[in-house]
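The primary structure of each chain is shown beneath.
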Amino acid sequence: MGKLISGATEVDFDDRALVHLQSVIGSKLRRGESFALFWSDPAAPDDARPSLWLHPGIPLYFKFTGTATPGLNRAWIEVLATSADSADGLLLSSEPRGRDADQNHTD
């Protein structure tokens, strides 16, 4: 379980999800874009949707717990990037499965 750390905020994510978020977030911030990140929190009430505002001027730290870097699934990157470019912001969705996603998986 890795962490995305922004100031005093620490959010736990699976290393696999975190490496995909890192890719999409890095691309957006390199372009100077601000946006919100949303994810599901099983411990939160059903109507709660935690979020974090991301801006190029806010330091971020990605802390992975595993020793190996998970490979990137291009299909998942595309889904997340499309979400990040929407007015709603980046919503962490489940990793796409199936033949096309598996062919793009680079573990």
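- In the nomenclature of an unreviewed UniProt entry, the protein chain corresponds to ATP-dependent DNA ligase from the organism Cryobacterium zongtaii.

Comments concerning the pattern of salt bridges
Okay, so step 1: Across all of its chains, the model carries eight salt bridges by this definition.
Okay, so step 2: Salt-bridge contacts for Lys28 lead to Asp85; the nearest nitrogen and oxygen are separated by 3.1 Å. Here Lys28 is found in helix H1 (residues 15-30), whereas its partner Asp85 is found in the loop between helix H2 (74-84) and strand S6 (90-91), with 57 residues between them in sequence.
Okay, so step 3: Of the charged contacts in the structure, one is a salt bridge between Arg31 and Asp85, with a shortest N-O distance of 3.7 Å. Placement of the pair is Arg31 in the loop between H1 and strand S3 (35-38) and Asp85 in the loop between H2 and S6, with a sequence separation of 54 residues.
Okay, so step 4: Here the salt bridges share partners, and the residues they tie into one network are Lys28, Arg31, Glu33 and Asp85.

Considerations on the confidence of the model for the protein chain
Okay, so step 1: Mean pLDDT over the protein chain stands at 87; residues scoring 70 or higher make up 85%.
Okay, so step 2: Considering only residues more than four positions removed or in separate chains, one finds that residues 99-107, a stretch of pLDDT under 50, has 16 contacts.

Description of the pairing of strand S1 (residues 2-6)
Okay, so step 1: Along S1, four of the five residues are buried, which leaves the element largely enclosed by surrounding structure.
Okay, so step 2: Examined bridge by bridge, S1 and strand S2 (residues 9-13) share five bridges and lie antiparallel to one another. Note that in S2 the partner of Lys3 across the bridge is Asp12.
Okay, so step 3: From the end of S1 to the start of S2, which pair antiparallel, there are two residues, and Gly7 there has a positive phi angle of about 60°.

Brief notes about the nonpolar core
Okay, so step 1: Grouped together as the largest cluster of nonpolar side chains are 23 residues, with contacts concentrated most on Leu4, Phe13, Ile25, Leu37, Leu90 and Leu92.
Okay, so step 2: Looking at this core, the elements that each hand over two or more residues are S2, H1, S3, strand S4 (51-54) and H2.
Okay, so step 3: Of all the elements, H1 adds the most residues to this core, at seven residues.
Okay, so step 4: Beyond its immediate chain neighbours, meaning those up to four positions away, Leu4 contacts Thr9, Glu10, Val11, Phe13, Leu18, Ile25, Leu37, Leu52, Leu60, Tyr61 and Phe62.

Observations concerning the sheet that holds S1
Okay, so step 1: Spatial strand order, S2-S1-S5: three strands in an open sheet with antiparallel pairing. In this open sheet, the two strands that pair with only one neighbour each are S2 and strand S5 (61-63). This sheet shows a mean twist of 20° between the axes of neighbouring strands, independent of strand direction.
Okay, so step 2: For S1 and S5, the ladder comprises three bridges, and the chain directions are antiparallel. What sits directly across from Lys3, in S5, is Lys63.
Okay, so step 3: Of the strands in this sheet, S1, S2 and S5 are in contact with H1, which crosses S1 at around 40°.

Cut-offs used in this document
- One numbering rule holds for all chains: residues counted from 1, following each sequence as written.
- Owing to the predicted nature of the model, reporting of local features is limited to residues with pLDDT of at least 70; listing and counting of side-chain atom pairs is limited to 80 or more, with chain, interface and lining totals taken over all residues.
- Heavy atoms throughout the structure, all of them, feed into the side-chain values; hydrogens and water do not.
- Each salt bridge in this description consists of a side-chain nitrogen of Lys or Arg and a carboxyl oxygen of Asp or Glu lying within 4 Å of one another.
- Labels follow the DSSP assignment, with helices taken as runs of H or I lasting at least four residues and strands as runs of E lasting at least two, numbered in each case from the N terminus.
- Scored from 0 to 100, pLDDT reflects the predictor's confidence in each residue.
- Pairs of residues are marked as contacts when any of their non-hydrogen atoms sit within 4.5 Å.
- Think of it in three bands: with a 1.4 Å probe and only protein chains considered, a residue is buried below 20% of the maximum accessible area for its type, exposed above 50%, and partly exposed in between.
- Any two strands with at least two DSSP-identified bridges between them are counted as paired.
- In this text, buried Ala, Val, Leu, Ile, Met, Phe, Trp, Tyr and Cys residues form a nonpolar core when linked through side-chain atoms within 4.5 Å.
- As a rule, the C-alpha atoms of each element are fitted with a line to give its axis, helices using only the stretch in contact, and angles between N-to-C directions run from 0 to 180 degrees.

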